[in-house]
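# Close look at the chain arrangement
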Amino acid sequence: MSASRRSGATDELGPDDPDGPEESGGSDLLAALLDGMDAALCAFDADGVVTHWNREAERILGWTAAEAVGRHGFAGWAVRSADAEEVHARLMSAMHAPGRQVHEFALVTKDGGRVLVRTQSAAVRGPDGKPAGVYCAFSEVHAQIDLERSIALSEALFEDASWGVVLVDADLRPAVVNAHAARALGIGRTSALGRPLGELLAQGVEELESALTHVLAEGAPPAPAEMWVAVRTPEGERRRCWRSGFVRLASPLAEEPVPLGVGWLFLDVTEAKQGEQEGALLRFRTNQLHRAARAAAECEDPAEAATVHLDFALAGFADHALLDRVAGVPRAEGEEAAGPVRLVRLAATPAGAPGPSVPTGAAGLPVRYGEGHPALQCVERAGAVRADAPGSAERAREWALERQWPGDAVHALCAVLRSRGRTLGVVTFLRGAGRSRFERVDAVYAEDVAVRVAAALDLADAVRRGPAG
């Protein structure tokens, strides 16, 4: 049974007995359109007789088009008798009212159950413009509420959400950006639309695009992903960590799931991640200092204990380490120097491959440090000194070799060796191009190591001089 009186829909909204092929085709088209609607639809003529009843109305209430079309109102079958008059009056009032009217009714299903529906009613006008009936579209209230909640959720996400929300189309270009995401990207909401992600982010684009492509092909990942990106700002690039979740968007109107894009939700967790990393780094370095102290305590030679401290400190911290001793008698704080500071190399890590520190400088010849060398500045200031290579890789190599360091050194950190109020020397840590420059927290750790190395060297001097010294 379709949706005409012959098939479930007729009279005021469609001819009952078509006179020719064109009218028949129009009636069939109208019936197909009504039956294909997602909403339940019925219509009444001016006398309140049901003229149309589509398949969705049949699904909700159980009454077929053959059973519904031709009845006068809902009385005696689709509503309770006590409610029939009120329901009929409210429905038919739409015939003489402007626009649409929205009501909620409790209708009766064919099996005797009750279902609460929300209706939208409006007048149907004839060729002369006068009211000829009423059409009524209705759906179950819970379905309508679910739809309204979905719409409200979408609007809230794109206006008031405290995390970033970006809808990315199938070409991996932003289609909708909420206010929070626009602030995080440092760009306006409309200016971000349709632009490649590479224009919005300086770093991390490849990882993000790979995640979006995976979601389009395979669906949402089981857990959020943390991604480091670099955002362009007027002050320069700024690294941020975004905890990101992804959902694939598919059209609800297609028979087969057709990807419309990806919903990308992210939250900035940079401070938390940096705190976690700093905490993990602190625990590791504290553990290394503890292990170094225990290993050094087993060394019979205090000079060997000094290199043990150096080797333990090197792990995860730097690529090379150099240990230089002040030539002659150690100088106390405030004591005038007899001449320029000279440093003698005591130990150094192998330049070619990783390995423990190797004692050097048995001849006691000073290292050829030029004026203004970071190690000499460290002795003069009695404090840590940081230095970084300038320019290209070739220029960086020249910079390192000029300072008597391995050619792959790019970042340097010198920490003074102090014990009993005297400056004993300098320990220098060097990093290659694959590592970041030394920061203040690295200088603090280097100073902790230097205190232990200086104590071991001071003890070695005392042992060598003996009681008489």
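Residue numbers restart at each chain and count upward from 1, following the sequence in its written direction. In keeping with the model being predicted, local features are shown solely for residues with a pLDDT of at least 70 and side-chain atom pairs are shown and tallied solely at 80 or more, while totals for entire chains, interfaces and linings include all residues. Only hydrogens and water are removed before side-chain values are computed, so all heavy atoms of the structure are retained for them.

## Here we look at the confidence of the model for the protein chain
Summary statistics for the protein chain give a mean pLDDT of 84 and a share of 87% for residues scoring 70 or more. On a scale of 0 to 100, pLDDT captures the predictor's confidence in every residue. Residue contacts are counted whenever heavy atoms from the two residues lie within 4.5 Å of one another. Across residues 1-21, where pLDDT falls below 50, the model places 58 contacts with residues more than four positions away in sequence or in other chains.

## Section: the state of the cysteines
As used in these notes, a disulfide is a covalent bond between sulfur atoms, one from each of two cysteines. Put simply, a disulfide is two cysteine sulfurs that come within 2.5 Å. Within this structure, the stated rule accounts for 0 disulfides. Lacking any disulfide linkage, Cys-42 is separated from the closest cysteine sulfur, that of Cys-136, by 4.4 Å. The thiol of Cys-414 is unpaired, and the distance to the nearest cysteine sulfur, on Cys-378, comes to 5.7 Å.

## Considerations on the side chain of Asn-178
The numbering of helices and of strands both runs from the N terminus, where a helix is a DSSP run of H or I of at least 4 residues and a strand a run of E of at least 2. Mapped onto the fold, Asn-178 is located in the loop between strand E7 (174-177) and helix H6 (179-185). In protein, a polar contact requires one atom able to donate a hydrogen and another able to accept it; more generally it is a pair of N or O atoms within 3.5 Å, and residues adjacent in sequence count only if both atoms are side-chain atoms. Among the polar contacts made by the side chain of Asn-178, one reaches the main-chain amide nitrogen of Ala-181 at a distance of 2.9 Å.

## A short note on the sheet that holds strand E2 (residues 50-53)
Pairs of strands are assigned from DSSP output, requiring at least two bridges between the strands. Reading across from one edge, E2-E1-E5-E4-E3 is the order of the 5 strands in this open sheet, with antiparallel pairing throughout. Of all strands in the sheet, those with a lone pairing partner are E2 and strand E3 (101-108), marking the two edges. Here the strands of the sheet are splayed against their neighbours by 30° on average, with no regard to which way each runs. In terms of strand pairing, strand E1 (residues 40-45) meets strand E5 (residues 131-140) through 6 bridges, oriented antiparallel. Paired with Ala-40 across the strands is Phe-138, a residue of E5. The strands touched by helix H4 (residues 81-92) are E1, E3, strand E4 (114-125) and E5; relative to E3, the strand with the most contacts, the crossing angle is about 150°. Each axis is a line fitted through C-alpha atoms, taken for helices only over the stretch in contact, and angles between the N-to-C directions span 0 to 180 degrees. Here helix H5 (residues 141-159) sits on the sheet in contact with E3, E4 and E5, set at roughly 75° to E5.

## Some words on H4
Compared with the 16 Å implied by 1.5 Å per residue over 12 residues, the 17 Å span of H4 between its first and last C-alpha is a close match. Each residue's exposure class comes from its accessible area (1.4 Å probe, protein chains only) as a fraction of the maximum for that residue type: buried when under 20%, exposed when over 50%, partly exposed otherwise. Within H4, the full set of buried residues consists of Asp-83, Ala-84, Val-87, Leu-91 and Met-92. Relative to the axis of H4, the buried residues are bounded by an arc of 145° and lie together on one face. More than 90 degrees from the buried face of H4, the exposed residues found are Ala-82 and Glu-85. Helix span, as expected, comes to 1.5 Å for every residue beyond the first. The arc in question is the one spanned by the directions pointing from the helix axis to the C-beta atoms.

## Concerning the pattern of salt bridges
Here, a salt bridge means any side-chain nitrogen of Lys or Arg that lies within 4 Å of a carboxyl oxygen of Asp or Glu. Here the structure, examined in full by the defined rule, presents 23 salt bridges. Here Asp-442 makes a salt bridge to Arg-285, at a shortest N to O gap of 2.8 Å. Taken together, the positions of Asp-442 in helix H13 (residues 440-465) and Arg-285 in helix H9 (residues 270-297) put the pair 157 residues apart, joining distant regions of the chain. The pair Asp-442 / Arg-285 is uniform in exposure class, with both members buried. In this structure, Arg-395 and Glu-398 form a salt bridge, with 3.9 Å as the shortest nitrogen-oxygen distance. Highlighted residues: Arg-395 and Glu-398, both in helix H12 (residues 393-402), separated by 3 residues, approximately one helical turn. Residue Arg-395 is classed as partly exposed on the basis of its relative accessible area, which comes to 34%. Accessibility expressed as a relative area gives 37% for Glu-398, which makes it partly exposed.

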